[in-house]
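# Fold and contact review
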Amino acid sequence: MTIAIFVLSLLGAMSLGMPIAFALLVCGICLMFFLGNFDAQILAQNLLEGTNNYPLMAVPFFMLAGELMNAGGMSNRIIAMAQALVGHIRGGLGYVAIIGALVLASISGSAVADSAALAAVLIPLMRKGGYNIPRAAGLISAGGIIAPVIPPSIGFIVFGVAAQVSITKLFLAGVFPGLMMALTLWVTWWICARREAPPVEDKRFDAAELRRAIADGVWALGMPVIIIGGMRFGVFTPTEAAVVAVVYALLVGMFVYRQIKWSQLPELMLSAAKVSSVVMFLVACAMVSAWLITIADVPSQISAILAPFMENKILLMFMMMALVVVVGTALDFMPTVLILTPVLMPLVKQAGIDPIYFGVLFIMNNAIGLLTPPVGVVLNVVAGVARVDLGAVVKGVWPFLVAQVGLLLLFILFPSLITVPASWLY
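In this convention, every chain numbers its residues from 1, walking through the sequence in written order. Thresholds applied to this predicted model are a pLDDT of at least 70 for local features of residues and 80 or more for the giving and counting of side-chain atom pairs; totals over whole chains, interfaces and linings are not thresholded and use all residues. Side-chain numbers come from the whole structure's heavy atoms, not from hydrogens or water.

So, on to unusual backbone geometry. Cis geometry marks the peptide bond from Pro 151 to Pro 152; its omega dihedral reads 5°. Look at Gln 164: it is not a glycine, yet its phi comes out positive at around 60°. Runs of E in the DSSP output that reach at least two residues are strands. Runs of H or I that reach at least four are helices, and both are numbered from the N terminus. Looking at where Gln 164 falls in the secondary structure, it is placed in the loop between helix H9 (154–163) and helix H10 (167–173). Although it is not a glycine, Arg 387 sits at a positive phi angle of roughly 55°.

Written out as structure tokens, the structure reads:
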């Protein structure tokens, strides 16, 4: 009955058009009344404590780093380097999109921001070059979801706080799966490009052009090296890494590339603050529901339902990932993470599954949810930027969506593909 109250109150509030954060508050109040312990003070206390967490300070700083990166010209230089490297081969702009998505993911951690930046730069070039634009938009959308898996990932920060696991280990464990996602897109695009990409123009690889692009963009490549290297060798924590990223992006944008002016800073900070406030308020409201989920012992009820699968870790992981897929089609990335983490983590610990391994798959699965209609936030963003009908983008993304789901299944069947490379970086 508790599960029914939780689900029905949440879905009911959402069906009335209520924002997810307020729907979670309503859900928490309904659970309080059902359990007979409604107390406004407890509600307020959990709401405040939800964001009173040091690791969550990384969220606004990484958001600001992303804003500074885009304003400072780092994104364009990364794309220019990729184009000088692979732009001369058939379907070259598609490979540029994949390389650009991978590098941008290691800087911003935002799927929406990366997809929008890539679409704004590459779609006009692809349209001019005669590419299949719905397919190209689908590729850029699929490339954007690498961002929540490659560090620095906002999703890992929120999951780490909610699940009480090491954010640094989550970051390092996400490196290899993120690279595998890019490789999967590369192979899938190679298959599509053989039939759909326009013929190669009379253009050859230009080593001099590549050297110039690297010389111009080497400062942009420095950020992921500093962030990942600093955490790997224990120089700073993820929260401190976020501050370092802001300082680095600001210095490079203002004094190296000279594209950021002092007058732009208030606008950039305000933009980052707006996005961060939405995320932080969502986290605060979700923590109210998370506390009540624990009080109501919902994980034990879910555990009873999944009891037949508890002895088989692979089968249990498959069932939990299937649940995430279903929820992810109806909810956005962050609400799904915040709602399901307190429900599933007790099962993960009870079954003896590595919580870092689970966290990587969980975030990867939620990232894939950004490509699934009807919500599909990344699809909507790319469709808007590219000025393409959403239905066409949905058709264009299917090969890449299927490929990423196949990779997710491979990680479920062979956990060592994540745990072994992660152990090399810890």
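To obtain an axis, a line is fitted to C-alpha atoms, over the contacting stretch when the element is a helix, and the angle between two such axes runs from 0 to 180 degrees between their N-to-C directions. Running from N to C, helix H7 (residues 111–128) and helix H19 (residues 377–386) point in directions that differ by 35°, and their axes come no closer than 9 Å. Crossing of H7 against H19: the hand is right-handed. Where H7 abuts H19, its residues Ala 111, Val 112, Ser 115, Ala 116, Ala 119, Ala 120, Ile 123 and Arg 127 lie against Val 377, Val 378, Val 381, Val 382, Val 385 and Ala 386. Under this grouping Gly is polar, as are all residues other than the nonpolar Ala, Val, Leu, Ile, Met, Phe, Trp, Tyr, Cys and Pro and the charged Asp, Glu, Lys and Arg. By residue class, the composition of the contact of H7 with H19 is twelve nonpolar, one polar and one charged. The crossing is said to be left-handed when, going from far helix to near helix, the turn is anticlockwise and less than a right angle, and right-handed when the turn is clockwise. Should any heavy atoms of two residues lie within 4.5 Å, those residues are counted as being in contact.

What follows is about H19. In an α-helix, one full turn covers 3.6 residues, which means residues spaced three or four apart are oriented alike. Any residue under 20% of the maximum accessible area for its type is buried, any over 50% is exposed, and the rest in between are partly exposed; the area is computed with a 1.4 Å probe on protein chains only. For H19, every residue scored as buried is listed here: Val 378, Leu 379, Val 382, Ala 383 and Ala 386. Down the axis of H19, the buried side of the element spans an arc of 130°, and every buried residue falls inside it. Where H19 is buried, its residues meet H7, helix H8 (133–144) and helix H20 (390–413). Immediately downstream of H19, the backbone of Arg 387 shows phi near 55°, a positive value. Note that the arc is computed from the directions linking the helix axis to the C-beta atoms.

This part covers the packing of H8 against H20. Where H8 contacts H20, the two axes come as close as 7 Å, and the packing angle between them is 45°. It follows from the interaxial angle that H8 and H20 lie oblique. Two packed elements cross with a definite hand, and for H8 against H20 that hand is right-handed. Where H8 abuts H20, its residues Pro 134, Arg 135, Ala 137, Gly 138, Leu 139, Ser 141 and Ala 142 lie against Ala 392, Val 393, Lys 395, Gly 396, Val 397, Pro 399, Phe 400 and Gln 404. Its residues assigned to classes, the contact of H8 with H20 comprises nine nonpolar, four polar and two charged. An angle counts as roughly parallel when it lies under 35 degrees, as roughly antiparallel when it exceeds 145, as roughly perpendicular when it falls between 65 and 115, and as oblique in every other case.

This part takes up the packing of aromatic side chains. Pairs of aromatic rings are described using the distance from one ring centre to the other and the angle between the two planes. The aromatic pairing rule takes the rings of Phe, Tyr and Trp, using the six-membered ring of Trp, and pairs them if the centres are within 6.5 Å, calling planes under 30 degrees apart stacked, those over 60 edge-to-face and the rest tilted. This model, assessed by the stated rule, comprises seven aromatic pairs. Relative to Trp 189, the ring of Tyr 131 has its centre 6.4 Å away and its plane inclined at 10°; by these criteria the two rings are stacked. Separated by 58 residues along the polypeptide, Tyr 131 in the loop between H7 and H8 and Trp 189 in helix H11 (residues 175–196) bring together distant segments of the chain. Judged by relative accessible area, which is 13%, Tyr 131 ranks as buried. Looking at Trp 189, the relative accessible area reads 3%, which means it is buried. In this structure an aromatic cluster arises from ring pairing among Phe 159, Phe 358 and Phe 362. For the cation-ring pair, Arg 77 lies above Tyr 257, with the distance from its terminal atom to the ring centre recorded as 3.7 Å. Distance and angle both matter: a charge sits over a ring if NZ of Lys or CZ of Arg is within 6 Å of the ring centre and within 35 degrees of the ring normal.

Okay, the nonpolar core next. What tends to happen in soluble globular proteins is that the nonpolar side chains get buried as a cluster. We call a set of buried residues a nonpolar core when its members are Ala, Val, Leu, Ile, Met, Phe, Trp, Tyr or Cys and they connect through side-chain atoms within 4.5 Å of each other. If you look at the biggest cluster of nonpolar residues, it comprises 158 residues, and the most contacted ones within it are Phe 62, Phe 159, Met 320, Phe 358 and Phe 362. The dominant element in this core, judged by the number of residues it contributes, is helix H14 (residues 265–295), at 13 residues. With residues up to four places along the chain from it excluded, the contact list for Phe 358 reads Phe 159, Met 317, Met 320, Met 321, Leu 344, Met 345, Val 348 and Ile 353.

Next up on the list: empty space enclosed by the protein. Empty pockets left among the atoms are what a rolling probe the size of a water molecule brings to light. In the cavity and pocket records, a cavity denotes points on a 1 Å grid over the protein atoms alone where a 1.4 Å probe fits but cannot get out, a pocket denotes an open set with protein on both sides within 12 Å along at least 5 of 7 lines, and lining residues are residues with an atom within 4 Å of a point. Grid points are joined across faces, edges and corners, and a volume is the space filled by probe spheres set on the points. Scanning the entire structure with this criterion turns up two cavities of 30 Å³ or more. Taken as a whole, the largest cavity encloses approximately 40 Å³ of empty space. As for the largest cavity, its lining consists of Tyr 131, Asn 132, Arg 135, Trp 189, Glu 196, Ala 197 and Pro 198. Broken down by class, the residue content of the lining of the largest cavity amounts to four nonpolar, one polar and two charged.

Right, let's get into the layout of surface pockets. Quantified by volume, the largest pocket comes out at close to 740 Å³. If you trace the largest pocket, you find 29 residues lining it, with Met 63, Ser 110, Val 112, Val 275 and Val 279 closest to the centre. Of all the secondary structure elements, the ones that give two or more residues to the lining of the largest pocket are helix H2 (20–35), helix H4 (58–71), H7, H9, H14 and helix H17 (333–351). With seven residues, the top contributor of residues to the lining of the largest pocket is H14. The class makeup of the residues in the lining of the largest pocket is 20 nonpolar, seven polar and two charged.

Right, let's talk about helix H12 (residues 207–232) for a bit. Between its first and last C-alpha, H12 extends only 33 Å over 26 residues, short of the 38 Å set by a 1.5 Å rise per residue. The angle between axes fitted to the seven residues ending at a residue and the seven residues starting there is what we call the bend at that residue. Considering bend angle alone, the principal kink of H12 is centred on Gly 217 and spans about 55°. All buried positions along H12 are accounted for by Leu 210, Ala 213, Gly 217, Ala 220, Gly 222, Met 223, Pro 224, Ile 227, Gly 230 and Met 231. Residues of H12 that are buried in the fold lie against H4, helix H5 (74–86), helix H6 (92–108), H10 and helix H13 (238–256). Residue Gly 234 follows H12 closely and has a positive phi angle near 70°. Working rule for helices: expected span equals 1.5 Å times residues minus one.

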